[in-house]
Amino acid sequence: MTLPNFTYVRPKSLADALGHLRSPKAVIYAGGTDLLGCLRDGVFGAEKLVSIGLLDKLRGIDRTPDGGVRIGALTLIAELAASGLIRQSYPALARGAAEVASPQLRNQGTLGGNLCQKPRCWYYRGEFICLRKGGDKCYAYEGENQYHCILGGSVCYITHPSDTAPALVAYDAVIRVAGAKGFREVPAEKFHILPEESVDKETVLTPDEIVTEVFLPPPRPGWRSSYRKVRARGSWDFALAGVALALKFRSDVVDEARVVLSGAAPIPWRSREVEKFITGKRLDGEITARAAEAAVKEAHPLKNNGYKVTLFRGMIEEELLKISKA
Ligand SMILES: Cc1cc2nc3c(=O)[nH]c(=O)nc-3n(C[C@H](O)[C@H](O)[C@H](O)COP(=O)(O)OP(=O)(O)OC[C@H]3O[C@@H](n4cnc5c(N)ncnc54)[C@H](O)[C@@H]3O)c2cc1C
């Protein structure tokens, strides 16, 4: 298909950008790596593209006065992956960014776009008028569902595609959003929403809101973190399974835990079962195996994605053992 006709504007201020977003069928254009594909494939339409590329205040990675970090929404994924500050203090986020797509896409795609990208379900991206596109059924439920979710599915079985979001949830990041009424701050964990809450949008954003920046709390002593992504092939690909870990150790015992799965559910999925199970324990072979079992206890695989249960089990066990020895 070809790109539809649209108006293209490049406002110089946030206020102007927000003004443009109030027009009917206006959408934000950041790096365009996801948006242009969606428009070309007719996943959704747009009458006005509001480029935010001139909003320089939305760039940069800086220390905040409290010792945390502020990351502008226009920060390139490649910048995140290469930042010494992020690599040292928030390694799961740097790893997640490094795992996104290909070098070309990481040099064009932004953090804001990464968090707000559309799901990769082939029915949604294809010619099917599925529930998410205003139709009356989820084709994945009885169709080719090998890449779909095993947790959190209800009326729609997408998996959340971002490789940076799981780490942001694990680190308790806060996402700042600008809208007509000013700014609001949304915990990363509450930013993405399940299909049962809304089947035609993936985030809490309204169409006239812009993600401006992300705030990470100061790194805390005793915390270790990591991100692991498993994909079907060595080249660029979305996560079949992934896990972001942020664990606080006291001696060799887990004191606090955040375990967030990617490729498992329609949102970055906090595995509270694993978090609860490992807290207060030493991560030896038996505990990690039982924790991994707990992660998939509530899984409801579809006809073709039962392999994900085994995949998650093995991956979580390996990653917990690895981080216990880090
Ligand atoms: C071949 C290919 C492979 C990919 N592989 C991966 C992968 O492995 N992992 C992964 O995580 N992603 C992957 N992506 C997805 C995605 O393109 C990138 O992650 C990128 O970061 C998106 O950023 P962008 O700036 O190009 O977004 P855009 O395409 O400009 O925007 C994406 C969406 O977000 C909205 N948006 C953009 N910025 C904002 C903002 N500041 N506030 C509110 N809404 C906003 C847009 O309106 C649009 O709907 C892949 C994409 C492609 C094409």
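Placed above this text is the structure.
What this report covers is the structure whose coordinates are included nearby. (Residues numbered from 1 in each chain as written. Predicted model: local features only at pLDDT ≥ 70, side-chain atom pairs only at ≥ 80, totals over all residues. Heavy atoms only, no water.)

1. Overview of the site of the ligand
Logical step 1: Neighbouring residues of the ligand: 32 residues in total, closest Ile28, Gly31, Thr33, Thr110 and Asn114.
Logical step 2: One nitrogen or oxygen atom from the side chain of Gln117 is found 3.2 Å from a nitrogen atom belonging to the ligand.
Logical step 3: Within the backbone of Asp237, one N or O atom sits 3.1 Å away from an oxygen atom of the ligand.
Logical step 4: Considering the ligand on its own, with 970 Å² of exposed area, one finds that the protein chains cover 93% of that surface.
Logical step 5: Listing elements by their share of the shell around the ligand, those giving two or more residues are α7 (111–116) and β8 (210–216).
Logical step 6: Top contributing element to the shell around the ligand by residue count: α7, with four residues.
Logical step 7: Grouping the constituent residues of the shell around the ligand by class yields 16 nonpolar, 10 polar and six charged. (Near = heavy atom within 4 Å. Polar contact = N/O pair within 3.5 Å; in protein donor to acceptor, adjacent residues only side chain to side chain. Areas by Shrake-Rupley, 256 points an atom, 1.4 Å probe, with all protein chains shown as cover. Helix = DSSP H or I, 4+ residues; strand = E, 2+ residues; numbered from the N terminus. Nonpolar A, V, L, I, M, F, W, Y, C, P; charged D, E, K, R; others polar.)

2. Here we look at the side chain of Asp163
Logical step 1: Mapped onto the elements of the fold, Asp163 is located in the loop between α8 (122–125) and α9 (165–170).
Logical step 2: Among the polar contacts listed, one links the side chain of Asp163 to the side chain of Tyr227, at a separation of 2.6 Å.
Logical step 3: Within polar-contact distance, the side chain of Asp163 engages the side chain of Lys229 at 2.7 Å.
Logical step 4: What Asp163 contacts, discounting residues up to four positions off in sequence, is Gly96, Glu99, Val100, Asn114, Tyr227, Lys229 and Ala239. (Contact = heavy atoms within 4.5 Å.)

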